[in-house]
Amino acid sequence: VQLQASGGGLVQAGGSLRLSCAASGSYFSIGAMGWYRQAPGKERELVAAVASGGVTNYADSVKGRFTISRDNAKNTVYLQMNKVKLEDTADYYCNAVDPATGDDYWGQGTQVTVSS
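First things first, this report covers the structure right here in the doc.

1. Details of the environment of tyrosine 92
On the secondary structure map, tyrosine 92 appears in strand β9 (residues 90-97). Measuring from C-alpha to C-alpha, the distance between tyrosine 92 and threonine 110 comes to 5.2 Å, with 18 residues separating the pair along the chain. There is a polar contact of 2.9 Å between the side chain of tyrosine 92 and the side chain of arginine 37.

2. Overview of the environment of glycine 34
Its place among the elements puts glycine 34 in strand β4 (residues 33-38). Residues glycine 34 and alanine 48, spaced 14 residues apart in sequence, show a C-alpha to C-alpha distance of 5.6 Å. Every residue in contact with glycine 34, bar those within four places of it in the chain, is listed here: Ala48, Ala49, Ile68, Tyr93, Cys94 and Asn95.

3. Things to note about the packing of aromatic side chains
The relation between two aromatic rings is expressed through the spacing of the ring centres and the mutual angle of the planes. Summed over all chains, the structure comprises one aromatic pair. Each ring, one from tyrosine 36 and one from tryptophan 106, has its centre 5.0 Å from the other, and the planes form 65 degrees; the classification is edge-to-face. Remark: tryptophan 106 occurs in strand β10 (residues 104-106) and tyrosine 36 occurs in strand β4; sequence separation between them is 70 residues. For tyrosine 36, a relative accessible area of 24% corresponds to the partly exposed category. Taking relative accessible area as the criterion, tryptophan 106 reaches 37% and is therefore assigned partly exposed. It is arginine 44 that lies over the ring of tyrosine 93; its NZ or CZ is 3.8 Å from the centre. Seen from the ring of tryptophan 106, arginine 44 lies directly overhead, with NZ or CZ sitting 4.7 Å from the centre.

4. Considerations on the nonpolar core
Grouped together as the largest cluster of nonpolar side chains are 29 residues, with contacts concentrated most on Trp35, Val47, Phe66, Ile68, Leu79, Met81 and Tyr92. Mapped onto this core, the elements with two or more residues apiece are β1 (2-6), β3 (17-24), β4, β5 (45-50), β7 (66-71), β8 (76-81), β9 and β11 (110-115). Apart from residues no more than four positions distant in its own chain, phenylalanine 66 is found in contact with Arg37, Val47, Tyr58, Leu79, Gln80, Met81, Asn82, Val84, Asp88 and Tyr92.

5. Things to note about the pattern of salt bridges
Going through the model one piece at a time under the given rule, you end up with four salt bridges. With a shortest N-O distance of 2.9 Å, arginine 37 and aspartate 88 are connected by a salt bridge. Here arginine 37 is found in strand β4, whereas its partner aspartate 88 is found in the loop between β8 and β9, with 51 residues between them in sequence. Accessibility assignment for this pair places arginine 37 and aspartate 88 in one class, buried. For arginine 65, the salt bridge goes to aspartate 88, with nearest N and O atoms at 2.8 Å. In this pair, arginine 65 sits in the loop between β6 (56-58) and β7 while aspartate 88 sits in the loop between β8 and β9, placing the two residues 23 residues apart along the sequence. Like aspartate 88, arginine 65 is buried. The structure contains a network of salt bridges with shared partners spanning Arg37, Glu45, Arg65 and Asp88.

Scoring rules and cut-offs
- Residues numbered from 1 in each chain as written.
- Predicted model: local features only at pLDDT ≥ 70, side-chain atom pairs only at ≥ 80, totals over all residues.
- Heavy atoms only, no water.
- Helix = DSSP H or I, 4+ residues; strand = E, 2+ residues; numbered from the N terminus.
- Polar contact = N/O pair within 3.5 Å; in protein donor to acceptor, adjacent residues only side chain to side chain.
- Contact = heavy atoms within 4.5 Å.
- Phe/Tyr/Trp six-rings, centres within 6.5 Å; stacked < 30°, edge-to-face > 60°.
- Buried < 20%, exposed > 50% of the residue type's maximum accessible area, 1.4 Å probe, protein only.
- Lys NZ or Arg CZ within 6 Å of the ring centre and 35° of its normal.
- Core = buried A, V, L, I, M, F, W, Y, C linked by side-chain atoms within 4.5 Å.
- Salt bridge = Lys/Arg side-chain N within 4 Å of Asp/Glu carboxyl O.

Structural data, given as structure tokens:
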């Protein structure tokens with residue numbers, strides 16, 4: 001499974017940004033998909049995840065501001081980021097799980113920078 005993330009960039013605090021991540025390659029199905037982020041000097045953390053059936057999970061720090069969704073027909077996961085804050089600045093990585101093996105797959109990361 002290859003994951004291609006896009007949509008990162010520079011955004012002002014209070015603004016919005018939408019990240020996308022498309023899965024490709026040879027696989028039977030994709031399970032949960034999600035977004036993680038890693039800020040400089042910090043560990044990678046879960047931002048949001050969505051199961052194949054649509055159940056979502058969010059980090060407390062983004063609840064009410066970010067929305068994760070997926071299009072199973074396109075094997076794509078999205079992260080709508082609204083009301084962004086300076087502390088949202090990080091490299092964002094998409095993740096997908098192979099439900100058959102439990103293996104994790106990672107995208108290359110897309111940088112999000114929030115300016116004041």
